[in-house]
Each structure stands twice: as C-alpha cells, then as structure tokens.
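# Fold and contact review
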Amino acid sequence: MISGKFILILGAAATLTAGGCGSTDLKKARIESAANTEAILVNQAGYLPGAEKVALLRADAGTFEVIDAATGKTVFESTPADPLYWELSGDTVRAADFSPLKAEGTYRICLGDSETCSAPFRIGNDVYHEITVASVKSYYLNRSAIEISEESGGKWARPAGHPDTAVIVHSSAASAGRPAGTVISSPGGWYDAGDYNKYIVNSSITSYTLLLFYQMFPEYCRTLNLNIPESGNEIPDLVDELLWNLKWYLTMQDPADGGVYHKLTNLNFCGFVMPHEATDPRYVVMKSTAATLDFAAFTAMASRILANDPSEELRALAATCLEASGKAMKWAEANPGILYRQPADVSTGAYGDDNLSDELFWAKAETALAYGTAPAEGFLEGINAVTPSWNQSATLGLISLALSTGEPFASLREEAAGLIVSYTDELLQKSAACPYRISLDHFAWGSTSDVANQAMLKIIAMKLTGSGRFLPSIQSDIDWLLGTNPTGYCFVTGFGTLSPMHIHHRPSGADGVPEPVPGFLVGGPNIVVMNDCQPPVERSPFPARSYSDVECSYSTNEIAINWNAPLVFLLGAIDSMRP
Ligand code: 9MR
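Keep in mind it's a predicted model, so treat the numbers as computed, not measured.

In a pair of packed helices, the angle between the axes and the distance between the axes together describe the arrangement. It is the contact of helix α12 (residues 447-465) with helix α16 (residues 561-576), at a shortest axis distance of 8 Å, that shows an interaxial angle of 40°. In terms of orientation, α12 lies oblique with respect to α16. In this structure, α12 crosses over α16, and the sense of that crossing is left-handed. Mapping the contact onto sequence places Ser449, Ala452, Asn453, Ala455, Met456, Ile459 and Ile460 in α12 and Trp563, Pro566, Leu567, Phe569, Leu570 and Ala573 in α16. Grouping the constituent residues of the contact of α12 with α16 by class yields eleven nonpolar, two polar and no charged.

Spelled out as structure tokens, the structure:
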C-alpha cells in the first residue's frame with residue numbers, strides 16, 4: 001500500500017519546470033525509490049512526444065511531479081483530476097495529465113512531496129517500434145512445421161514440430177473421396193495459441209487483420225525487418241509471415257467439393273511439452289459452414305489485396321485464392337447451416353458459433369469486392385458495426401466496404417463508413433465516461449483483444465473521417481494494454497517493467513528459458529472462468545482486474561494469434577505516424 005504524506009495543493013496549475021526544485025534529499029530518495037506499480041500506473045513502453053500522456057494515480061495525492069529519472073529533477077508538476085471509482089475494477093483512480101511535457105527522456109512520476117514514484121518510462125519517437133516488431137515476430141515464433149533457428153529465434157530457437165504431412169481424416173470429416181482414416185498433407189501455419197492446434201475460424205480473422213494492416217500501411221510494412229528466414233526476399237516480412245499461414249490454410253479445403261475443415265487438431269490438448277515432443281496423431285475434423293464462409297471471405301480479400309502486387313508470386317497466389325474462395329462459397333451455399341459440433345472423441349478448442357449471419361455477410365461483401373460487382377440495394381440492412389472477434393465478423397466486411405475505392409461501391413462505401421464511425425463515436429463516449437479511459441464495459445475471455453480491436457476501429461474511423469478526435473482514446477487503449485490498467489501489468493510479454501512471466505503457452509512453459517516467448521498479448525482480465533487452476537489461485541472478483549500471471553490460468557494468461565493481430569495493427573499504426 002501507499003506510504004508517505006500527501007500534501008494537498010488545491011488549484012495548483014500545471015507547470016513545466018526549467019531548473020528543478022525540491023530538496024536534494026528528496027531527489028536522491030526519488031532516484032533510489034522502488035517503483036510503486038500499485039499506486040502509479042503508467043504506459044510502461046512510454047509515450048510519443050506529441051501524444052496525450054496520462055498516468056493514473058491510486059493514491060490520495062494533491063499534486064504529482066514528473067521527474068527526470070537520472071537526476072531526480074522535477075520537470076513538470078500539476079494537480080491530478082478528481083478521483084473516480086469504477087465498479088468493474090473496484091478501485092478509484094485520478095488522472096495525472098502531463099501532456100505538455102514533450103522533451104524526449106526517461107522519467108518517473110512521483111506523488112507530491114512523497115517518495116512514492118512510478119517505474120521509469122520513456123518519452124521518445126521510437127517507443128513503440130521494438131514492441132511492434134516483436135508483436136509481428138511472435139507469429140514466426142509460433143510457426144508449426146519449421147525449426148526456429150538461433151539466428152532468427154535467439155534463445156527461443158527450437159526444433160521443428162508437427163510436420164502435419166500425414167493428417168488423418170476424422171470420421172466427422174469423411175467424404176466419398178476421403179473416407180475416415182484417409183491420410184492427407186496439411187503442413188505449415190501458426191499454432192493457434194498456447195496449444196498446438198490450427199483452427200480455420202480463428203485463422204481467418206487473424207489473417208484478415210494482418211492483411212488489412214498491410215493494405216492500409218503498405219509503406220510502413222515494407223520498412224519492418226523481422227529477421228525471419230524469408231527476410232531479404234522481395235516480399236515485405238509481414239506478408240511473408242502471413243504466407244506461412246496462408247499456404248497451410250489453403251490445404252484445409254477439400255478440393256473435391258470446396259468445403260473447409262473446421263480445424264486440424266489432436267484429439268485432446270497435450271501436456272506442456274515442446275512442439276517436437278508432441279507427437280500424438282493429428283486429424284482434420286468436420287467441414288463446417290462457419291469455417292467455409294470465413295475461408296471464402298478471407299481468400300477473396302487476399303485475392304483482392306495481392307492481385308496487383310509487384311511480386312509475381314503474390315499475384316499468382318491471388319488467382320489461387322480467388323478460385324478457392326469461389327469453390328468455398330458454392331459449398332457454403334449448398335450447405336448453409338452446418339454448425340460445428342464437437343465430436344465425442346475431440347476436446348480441443350471448438351470455436352463454435354450458432355449464428356452465421358455475420359459470416360455470410362462478410363463472405364458476400366468480400367466476394368463482391370473481389371469481383372467488383374456491387375450487391376443489390378439493402379445489402380447492409382440489419383448489419384451493425386460491433387467490436388470484431390472470431391465469432392463477430394460482420395464488421396470485417398463493413399471495414400472492407402468502407403475502405404473500398406471502386407465506383408460501383410460508392411453508396412455502400414458511404415453507408416458502411418457511417419456505421420463504423422457512429423459505432424466508434426459511441427466507443428469514444430464510453431471511454432470518456434470510464435475512469436480507466438477505455439471503451440470496454442464488459443470483460444470477455446481475451447478482453448485485451450477487445451481493447452485492441454476497438455482501438456483498431458478508432459484508427460480506421462480516423463482514416464475515414466480525417467478527424468483527430470479519436471487519437472486520445474486510441475492512446476488510452478494503448479496505455480491500458482501496456483500498463484495503465486488495474487493489474488499494473490504491461491500485457492505484452494518481454495516488454496514493460498511488470499510483464500507476464502508464466503504464460504499459458506506450451507513452448508514458453510517447456511523450453512527451459514526463464515523468459516516467455518516475447519511479443520505476445522496475454523488474454524487479460526475477466527471473470528468468465530475462475531477455476532482454471534486447481535487448486536484455484538487467488539483472483540480478484542472484479543472483472544477488470546481479475547488476472548493471474550500463472551501458467552494454469554488459461555482464461556487470463558494464454559496468448560492467441562487473433563489477440564495479437566489487432567495489437568500489431570494498433571502499435572504499427574501508431575509507430576507509423578511518428579515523424
Ligand atoms: O478465444 C476463445 C474464447 O473466445 C472462448 O471463450 C474460449 C472458450 O471456448 O476459447 C478461446 O479460444 C481458445 C481456443 O478454443 C483454443 N486455443 C486457445 C484459444 C484461446 O484461449
């Protein structure tokens with residue numbers, strides 16, 4: 001808890017201090033004081049010089065100071081805003097706004113005249129660069145069927161696992177041409193999360209989000225050097241990374257009828273062993289309408305984005321994708337209601353969804369855009385923008401329509417943009433009313449990804465409107481993810497002063513390296529499942545702070561490809577805006 005006395009100075013104006021003030025003893029104490037990550041919450045990756053900068057204080061401080069971390073000199077001082085209680089976190093915070101401080105450097109925030117100080121943090125132009133690169137690189141580190149070399153993977157080098165060249169057709173997936181027990185090859189791709197399975201539904205939104213990032217920020221993507229085996233070829237590294245998954249993804253379609261298997265999986269989750277030690281048989285399980293529609297949507301999108309690429313390889317892949325998309329759409333039209341039902345002998349992730357209207361809309365929107373033929377009027381009837389997730393894909397179709405350029409789509413474009421912007425304005429209102437300055441009012445499994453997806457929508461709304469009104473809220477979403485949240489954690493592995501160390505990720509648990517594989521966004525706080533650890537570990541009853549950095553807590557401390565994708569988008573977009 002907080003120690004020290006707090007002197008209340010009411011009405012003190014914010015001051016940028018040139019020379020520094022305070023006693024030498026206090027300066028010394030502040031330089032040496034341990035970081036109080038409970039009392040003062042900051043963005044642990046830091047702040048861009050021109051950005052809005054707000055720390056949150058959980059102490060009854062009348063004033064706060066920003067000090068130079070090396071000299072202890074006060075460079076800025078001000079009064080925090082009034083305390084605000086949040087029922088979702090069960091605590092009270094005061095906003096400490098130090099936006100006028102723009103000079104690059106390393107700082108700490110200290111409370112009034114006390115020695116209570118935050119961990120050091122930076123203000124600088126490059127504060128989000130390294131973390132952006134790591135967030136993309138995490139996909140390489142989660143690749144299946146390839147050795148992670150020491151050159152590219154450093155201390156996270158490991159042998160190849162799961163070649164998936166001999167995958168069994170499960171009885172649920174049997175067809176005339178491929179009866180149960182048929183062996184097919186379906187190599188490559190990314191592991192979904194902390195488990196070693198590969199799921200089409202989740203791969204679809206992940207790939208869409210990363211490709212959307214490339215679509216919107218192509219020049220920036222070309223500057224990103226991931227140091228992966230493909231680095232140095234003519235294709236941007238981020239796209240090379242996507243191709244690793246796309247090539248696997250295409251093998252999940254049955255060439256005979258166009259239907260797409262829901263997942264490629266072990267029958268049950270394996271223990272915490274390295275990929276090459278996890279050798280249980282692998283199966284493709286059940287073709288589903290959700291997987292097939294998502295597949296049709298993403299392959300159509302990929303065909304559109306890659307069709308005019310300077311790379312011949314990518315242009316050829318665009319044609320393959322368009323053909324695959326068409327076949328998938330035909331299967332889905334003939335089989336509109338095949339809901340995924342977990343077979344009795346399979347217990348891995350279900351990604352089950354009984355409402356397919358959003359998947360159908362997304363697939364139709366992408367197909368229309370890929371062929372350049374606008375759908376009939378009324379196409380957007382009943383469609384709303386919501387926060388995207390693996391089972392909420394309508395917004396992906398709206399984004400594609402809103403960013404489209406062709407004349408036939410002019411009125412749809414405007415309508416789709418309107419839906420996105422009005423939803424995003426609602427999100428701004430929510431963040432303005434939230435003491436922690438985010439737009440979430442509900443904490444689901446993977447809550448961090450909801451924050452990141454909402455920030456992505458705000459970035460898209462900013463692009464659609466040209467208005468800067470979204471920027472402060474985008475910044476506070478980043479702040480939440482990187483430290484300004486009630487748990488005090490920076491939710492990205494390998495970054496920040498308090499970072500997850502025991503993620504629910506099999507390679508991180510089994511590789512003998514103390515640090516987890518870096519660049520991953522953990523799922524974060526929620527109260528959906530409270531008993532994932534046995535015996536249960538202590539968890540807050542408040543959804544916004546119910547998080548535990550222990551390996552068994554798969555509901556709060558797992559990582560997943562669909563959670564990292566909006567993080568890549570968000571951090572990359574902000575990093576690309578630096579001068
Ligand atoms: O992200 C998924 C979350 O929305 C669901 O509530 C949860 C339970 O069904 O499953 C999550 O997805 C997991 C998947 O089923 C298997 N791989 C790990 C994923 C992240 O926990």
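Anyway, onward from the coordinates.
Let us now look at helix α13 (residues 471-481). Of all eleven residues in α13, nine are buried, a share of seventy percent or more. Along α13, the residues that are buried comprise Ser473, Ile474, Gln475, Ser476, Asp477, Ile478, Asp479, Trp480 and Leu481. Taken from the residues just after α13, Gly483 is the one with a positive phi, measuring 145°.

Applying the stated rule across the entire model yields 24 salt bridges. A salt bridge links Asp425 to Arg469; its shortest N-O distance comes to 2.9 Å. Taken as a pair, Asp425 in helix α11 (residues 410-433) and Arg469 in the loop between α12 and α13 lie far apart in primary sequence, 44 residues in all. Given a relative accessible area of 24%, Asp425 falls into the partly exposed group. One network of salt bridges, with partners in common, ties together Glu38, Arg58, Asp91 and Arg545.

Take the site of the ligand next. Around the ligand sit Asp192, Ala193, Asp195, Tyr199, Gly349, Tyr351, Trp390, Trp445, Glu558 and Trp563, and those are all the residues in its vicinity. Between a nitrogen atom of the ligand and a side-chain N or O atom of Asp192, the distance comes to 2.9 Å. Between an oxygen atom of the ligand and a side-chain N or O atom of Tyr351, the distance comes to 3.3 Å. Contact with the protein chains hides 78% of the accessible area of the ligand, taken as 450 Å² for the molecule alone. Broken down by class, the residue content of the shell around the ligand amounts to six nonpolar, one polar and three charged.

Right, let's talk about the pairing of strand β13 (residues 261-265) for a bit. The buried fraction of β13 is high, at five of five residues. The pairing of strand β12 (residues 198-199) with β13 spans two bridges and is classified as antiparallel. Note on β13: the bridge partner recorded for Tyr199 is Lys263. Of the pairings in the sheet, the one linking β13 to strand β14 (residues 283-287) comprises four bridges and is antiparallel in character.

The rules we used
- Residues numbered from 1 in each chain as written.
- Predicted model: local features only at pLDDT ≥ 70, side-chain atom pairs only at ≥ 80, totals over all residues.
- Heavy atoms only, no water.
- Axes fitted to C-alpha atoms, helices over the stretch in contact; angles between N-to-C directions.
- Helix = DSSP H or I, 4+ residues; strand = E, 2+ residues; numbered from the N terminus.
- Parallel < 35°, antiparallel > 145°, perpendicular 65-115°, else oblique.
- Left-handed = near helix turned anticlockwise from the far one by under 90°.
- Contact = heavy atoms within 4.5 Å.
- Nonpolar A, V, L, I, M, F, W, Y, C, P; charged D, E, K, R; others polar.
- Buried < 20%, exposed > 50% of the residue type's maximum accessible area, 1.4 Å probe, protein only.
- Salt bridge = Lys/Arg side-chain N within 4 Å of Asp/Glu carboxyl O.
- Near = heavy atom within 4 Å.
- Polar contact = N/O pair within 3.5 Å; in protein donor to acceptor, adjacent residues only side chain to side chain.
- Areas by Shrake-Rupley, 256 points an atom, 1.4 Å probe, with all protein chains shown as cover.
- Pairing = 2+ DSSP bridges.

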